[in-house]
Amino acid sequence: MNDLLVMAQIAGRRCAFHAHDVSSVIEVGAITPVPRAPDFIAGITAMRSQALTVIECRRAIGFDPGRWALDHRAVVVTVADYSYALRVDAIEDITSAIGEPGHVPGGFGPEWSRVAAGMIETQAGPALLIDLPTLIAGREPFGAAA
């Protein structure tokens, strides 16, 4: 495997997204809140006249949002014909995968086990390969939020 990966930090962990799933990296402008949306959905923002749902990745995974500083940029992805801006702690670089993803070792916790497609070795070091549909679904079904 020699796939390109976009590397980011989420909740203190190095994470990877397949570069072919990432359409761009943007600076996040104004975010308009969406009433009754789950707390991991920060709202919507615009990118070249296209609406993007803004996902706070730490909250979507199940972590407290206040412990890490957010990057002013977001990773833009499309899942099931909907576009999302994923707010992460930091965007690092683009690098190549070395080998295939393996299982997520114990000790990462149930949050990471749920959203990681596996642990992947990269030229920048090991990273958790993120399963985008699971991350975007958040930790609770839509409509389950109070």
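Please read all numbers here as calculations on a predicted model, not as lab measurements. (Residues numbered from 1 in each chain as written. Predicted model: local features only at pLDDT ≥ 70, side-chain atom pairs only at ≥ 80, totals over all residues. Heavy atoms only, no water.)

## Some points on the overall build of the protein
Counting its regular elements, the protein contains 3 helices and 10 strands. Walking the protein from its N terminus toward its C terminus, one meets helices and strands in the order β-β-β-β-β-α-β-β-β-α-β-β-α. Compactness check: the protein gives a C-alpha radius of gyration of 15 Å against a globular reference of 15 Å for 146 residues, within 12% of the reference. Seen through its C-alpha atoms, the protein measures out along the principal axes to roughly 40 × 35 × 30 Å. The buried share of the protein, reckoned over its 146 residues, is 44%. (Helix = DSSP H or I, 4+ residues; strand = E, 2+ residues; numbered from the N terminus. Rg over C-alpha atoms; globule rule 2.2 N^0.38 Å. Buried < 20%, exposed > 50% of the residue type's maximum accessible area, 1.4 Å probe, protein only.)

## Brief notes about the side chain of S83
Tracing the chain through its elements places S83 in strand β7 (residues 82–87). At a separation of 2.6 Å, a polar atom in the side chain of S83 contacts the side chain of Q50. Within polar-contact distance, the side chain of S83 engages the side chain of T78 at 3.4 Å. Apart from residues no more than four positions distant in its own chain, S83 is found in contact with Q50, A51, L52, T53, V77 and T78. (Polar contact = N/O pair within 3.5 Å; in protein donor to acceptor, adjacent residues only side chain to side chain. Contact = heavy atoms within 4.5 Å.)

## A few points about the confidence of the model for the protein
When pLDDT is averaged across the protein, the result is 89; 92% of the residues are at 70 or more. Segment residues 142–146 is flagged for pLDDT under 50; beyond a separation of four residues in sequence, or across chains, it makes 6 contacts in the model. (pLDDT = per-residue confidence, 0-100.)

## Describing the side chain of T45
On the secondary structure map, T45 appears in strand β4 (residues 41–47). By relative accessible area, T45 is classed as buried at 6%. Of the polar contacts made by the side chain of T45, one reaches the backbone oxygen of A30; its length is 2.8 Å. Ignoring anything within four residues of it in the chain, the contact list for T45 reads G29, A30, I31, Q50, A51, L52 and V54.

## What about the state of the cysteines?
Among covalent bonds in proteins, the disulfide is the one between the sulfur atoms of two cysteines. Applying the stated rule across the entire model yields 0 disulfides. Here C15 is not disulfide-linked; the sulfur of C57 is the nearest cysteine sulfur, at 8.2 Å. (Disulfide = S-S within 2.5 Å.)

## Quick look at the pairing of strand β8 (residues 90–102)
Across a regular strand the side chains alternate sides, sitting on one face of the sheet and then on the other. As judged from the 6 bridges shared by strand β1 (residues 4–10) and β8, these two strands associate in the antiparallel manner. Pairing of L5 across the sheet is with T95, part of β8. (Pairing = 2+ DSSP bridges.)

## A few points about the environment of T95
If you trace the backbone, T95 turns up in strand β8. Separated by 91 residues in sequence, T95 and L4 have C-alpha atoms that sit 5.6 Å apart. Those residues in contact with T95 that sit more than four places away from it in its chain are D3, L4, L5, M7, T122, Q123 and A124.

## Section: the sheet that holds β7
Reading across from one edge, β3-β6-β7-β5-β4 is the order of the 5 strands in this open sheet, with mixed pairing throughout. With one partner strand each, in any of the chains shown, β3 (22–27) and β4 form the two edges of the open sheet. With strand direction ignored, the average angle separating the axes of adjacent strands in the sheet is 35°. Across 6 bridges, strand β6 (residues 73–79) lies against β7 in antiparallel orientation. Residue pairing for β7: A74 is matched across the bridge by R87. (Axes fitted to C-alpha atoms, helices over the stretch in contact; angles between N-to-C directions.)

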